[in-house]
Amino acid sequence: MTVRGSSRHPGTYGVLLAIFLLILSVHLVNTASDYDPYKILGVSRSASQAEIKRAYKSLAREWHPDKNKDPKAEDMFIKISKSYEILSNEERRSNFDRYGQMDDNQPFGQSQHQGFRSFHNSFYFDESFFHFPRSRDFADSKYLLHHAQFNSDVLPDSHRRPYLIKVTSEWCFACIHIEPVWKETVQELEPLGVGIGVVDLGYERRLVNQLGAHRAPSIIGLVNGRVTFFHQAVVREHLRQFIEDLMPNKLVEKITDNNYLSFLDSWHAENKPSVLLFDQVPVVPLLYKLTAFAFRDYVRFGFVDQGDMHCTRLLRQFNINTYAPTMLLFKEYTEKPVDIIQARGMKRQIMDEFVSNNKFLQVPRLVNQQLFDELCPVKQFHRRRKYCVLLITGEDPAFVAGNKAFLDFASANRKDILRFAYVYQSQQQPLCHVLLHNQASLSPQVVILERRSQAGKVLYRSVSGGWNGSEEDKYRLHEQLELLQKDPAYLSSDATLPELNNEMAPIFIIQWMNAAYDYIIQIYDDLLYSNWREMMPILSLIFSALFILFGTVIIQAFSEPGENKPRKPNRPPKKDFVEVTELTDITYISNLVKLMPGHINVVLVLANVSKNALLRKFAKEVFSFSGTQTLHFSFLNIDKHCNWMPSLLRSTSGVAESKAQSDEDEETSDYTGHVLALNGHKKYFCLFRPVFTGDDPNDSSSESSFSSDNRRKSRSRSRSIHHKLDRLGLWMERLMEGTLPRLHVPAWPSLDENPNTS
């Protein structure tokens, strides 16, 4: 069998392939160059932003897929949206005008068609050329978030409702996999009030970097401006629980027969109305939690389980229908609700309207500037004129009757143009000083005011006669309100009010602890769920720092002692040095009478003759205790203050007097060498009497040759000054142990500077 070679030259295939690639590249370049956002929107290159916006709105209404059934409507609508996205941003528009650039991340001088998409970040192609389906569902288009929109709208709104945000991208097959679950979750949570957002990873790089989402798909929860990533299996129940866990814990309080009275009566301390939801489910519904989260700054929320046996009295008292959820709203009068709604299918719009119409007490207390701005808005038009009737009162029980009368008056005179409120003068002193002309009011005062500007300018008038809650006061206030409605010029005084103090603001340490807790949780979440490839730079920095730290410690531990330390000259240590203060009429008060609790002053009694010898001996004996911060050392000159020691001993208890009397013969009123430990705060002292240990213990002849009386006289005569403090060290140890007897005195005797005073 003979095999013949092909008649074509082998280079023919290479030429054909090159021609094919050339034709393909020309087609792609022509397609890219044909894309012009100005042509799509039908505006000129010099068009203003207003003209671009009008053209976009007109074309968007025309080509919206919900209204236009043309098969090309979806593609055209996306092109219109992308064109407006480019031209509405001055930076992107400038880049396109200069270089044909449309993407912020594309280098200057390179153009890219909207239909081009990245595959493995290296090969670009037109998806219409291969007729691949789009990975992005059109239903996500209305939820698309941009960087500016996120910071201006979504972030502030996250303090009123939680957001569930999906990070996706083109040609993300995992995104296609979770799309059915995402649709079901959006259909369930959006009617409840959860915000929904979608971020394109390829087009919103700045927003993606701000959120910290570097891969698709990612699901993010946003509450109070804090970003939290979802890390569980993408199941509808998990996503619902994820949103519920993001909200604060104590939004809704569980109410039973035992605590409903305290819950309703807390309106005075919390300065908020109270809402009770009665339902047959054992757990708080998510819809109710979301409503409580939105109005948590205005209203307190409680939940009552109708199936709970501990709620029967509560259900009977308010005559609750157990077949439909019921909401009751209470204000100052807790015996009867001010508003009620009852419906089988409770919806978010109904609940929001119900709470929003009753989010203030009948007479709320002004506790911050925000509440003042909402209750007493600035006058804008004549028909929207609002007058604020303000009671300046106090917190003492003496003001309760007047405050109650003001509440009754406000309840009986409810009008759209009148807003009643009160302030505590002690809490809002700057505001009260302006309205009262810098005079402290001892009795409550009523001021009628009208705000004229956001800067604080108001017109006001004080009601003469003050406010005691009498019928005469009510009649006088009612008369002046009638005059005000007939003649707005009745408010004759003007002033500029300062900003109100925020009485409900948490203290700094609580704010710091909350911020630290959020930061720790965020770090833990990042370490637990982050991609280790992304964490490598941070981990490298941490390990480098630890290596340097421990390396330095190890080097210092194994280095020669004193190898790197500068040598200091040898100096003799200070031995037997104790700071001893003399008790005089100046130091007596501070060192004894006003001595701090727990501190003790050890006082040596001496005379002029024995001063030097006793001080040297005293310093040696107490030197080992001189490092104690609660001990102070002083000396008292008995020649200057001869009366103080006898007066102190006479003022002690009977036991002390008997001991002092028994020793009087022995000591012949010689108190030199006595040491006292004085506790000035508790008014007691411990006494050390001098002893003699100078005799030779082996010399027993003297003890056997004299009688007991002769031995006492001989020892007294031979006692030297130097040996009086021989056992002071042992006495100091017992003092520190607390085992010494304590002699209490009713009061410390005063020092007498006259040595001749008997």
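Residues numbered from 1 in each chain as written. Predicted model: local features only at pLDDT ≥ 70, side-chain atom pairs only at ≥ 80, totals over all residues. Heavy atoms only, no water.

1. Here we look at the overall build of the protein
Line of reasoning, step 1. A tally of helices and strands in the protein yields 29 helices and 22 strands.
Line of reasoning, step 2. Here the protein holds 758 residues, and 42% of them are scored as buried.
Line of reasoning, step 3. Considering only contacts in the protein between residues 6 or more positions apart, those separated by 24 or more positions represent 72%.
Line of reasoning, step 4. Working note: accessible area of the protein is about 44,800 Å², and carbon and sulfur atoms make up 54% of it. (Helix = DSSP H or I, 4+ residues; strand = E, 2+ residues; numbered from the N terminus. Buried < 20%, exposed > 50% of the residue type's maximum accessible area, 1.4 Å probe, protein only. Contact = heavy atoms within 4.5 Å. Areas by Shrake-Rupley, 256 points an atom, 1.4 Å probe, with all protein chains shown as cover.)

2. Considerations on the sheet that holds strand E12 (residues 387–393)
Line of reasoning, step 1. Strand order in the open sheet formed by 5 strands is E13-E12-E14-E15-E16, and the pairing between neighbours is mixed. A single partner strand is all that each edge strand has here, and the edge strands are strand E13 (418–424) and strand E16 (493–496). The mean inter-strand angle of the sheet, taken between neighbouring strand axes irrespective of direction, is 35 degrees.
Line of reasoning, step 2. Of the pairings in the sheet, the one linking E12 to strand E14 (residues 445–451) comprises 5 bridges and is antiparallel in character. Within the sheet, the bridge partner assigned to Leu390 lies in E14 and is Val447.
Line of reasoning, step 3. Each of E12, E13, E14 and strand E15 (457–462) touches helix H19 (residues 471–486); the most contacted strand, E14, lies at about 15 degrees to it. (Pairing = 2+ DSSP bridges. Axes fitted to C-alpha atoms, helices over the stretch in contact; angles between N-to-C directions.)

3. Quick word on the state of the cysteines
Line of reasoning, step 1. Enumeration over the complete set of coordinates arrives at 2 disulfides.
Line of reasoning, step 2. Sequence-ordered numbering of the disulfide-bonded cysteines in the protein gives the connectivity 1-2, 3-4. (Disulfide = S-S within 2.5 Å.)

4. Remarks on the packing of aromatic side chains
Line of reasoning, step 1. Applying the stated criterion across every chain, the model contains 15 aromatic pairs.
Line of reasoning, step 2. Note on Tyr422 and Tyr424: the rings are 5.7 Å apart at their centroids and 70 degrees apart in plane angle, and the pair reads as edge-to-face.
Line of reasoning, step 3. Residue classification places Tyr422 among the buried residues on the basis of a relative accessible area of 9%.
Line of reasoning, step 4. Note on Tyr424: relative accessible area 7%, which makes it buried.
Line of reasoning, step 5. Through a chain of ring-to-ring contacts, three or more aromatic side chains come together here, namely Phe406, Phe409, Phe420 and Trp467. (Phe/Tyr/Trp six-rings, centres within 6.5 Å; stacked < 30°, edge-to-face > 60°.)

5. Quick notes on the side chain of Thr652
Line of reasoning, step 1. By the element assignment, Thr652 lies in the loop between helix H24 (644–650) and helix H25 (654–662).
Line of reasoning, step 2. The class for Thr652 is buried, based on a relative accessible area of 7%.
Line of reasoning, step 3. Within the local environment of Thr652, its side chain forms a polar contact with the backbone oxygen of Leu649, the two atoms lying 2.7 Å apart. (Polar contact = N/O pair within 3.5 Å; in protein donor to acceptor, adjacent residues only side chain to side chain.)

6. Comments concerning the pattern of salt bridges
Line of reasoning, step 1. Summed over all chains, the structure comprises 24 salt bridges.
Line of reasoning, step 2. One salt bridge connects Glu188 with Arg236, and the closest N-O pair in it is separated by 3.7 Å. Residue Glu188 is found in helix H8 (residues 173–189), and its partner Arg236 is found in helix H10 (residues 236–246); the two are separated by 48 residues along the sequence.
Line of reasoning, step 3. Its salt-bridge partner being Arg348, residue Asp352 comes within 2.7 Å of it at the nearest N-O pair. (Salt bridge = Lys/Arg side-chain N within 4 Å of Asp/Glu carboxyl O.)

7. A closer look at the confidence of the model for the protein
Line of reasoning, step 1. Taken residue by residue, the protein gives an average pLDDT of 78. The fraction at 70 or more is 74%.
Line of reasoning, step 2. A low-confidence stretch, residues 1–10 stays under pLDDT 50, and its non-local contacts, those more than four residues away or across chains, total 0 contacts.
Line of reasoning, step 3. Per-residue pLDDT stays below 50 along residues 693–718; that stretch engages in 11 contacts with residues further than four places along the chain or on separate chains. (pLDDT = per-residue confidence, 0-100.)

8. A few points about the pairing of strand E20 (residues 675–679)
Line of reasoning, step 1. Within E20, 5 of the 5 residues are buried, which leaves the element mostly enclosed by the surrounding structure.
Line of reasoning, step 2. Neither face of E20 is exposed, since Val675, Ala677 and Asn679 on one face and Leu676 and Leu678 on the opposite face are all buried.
Line of reasoning, step 3. Of the pairings in the sheet, the one linking strand E18 (residues 600–606) to E20 comprises 4 bridges and is antiparallel in character. In the sheet register, Val602 faces E20, and the bridge partner there is Ala677.

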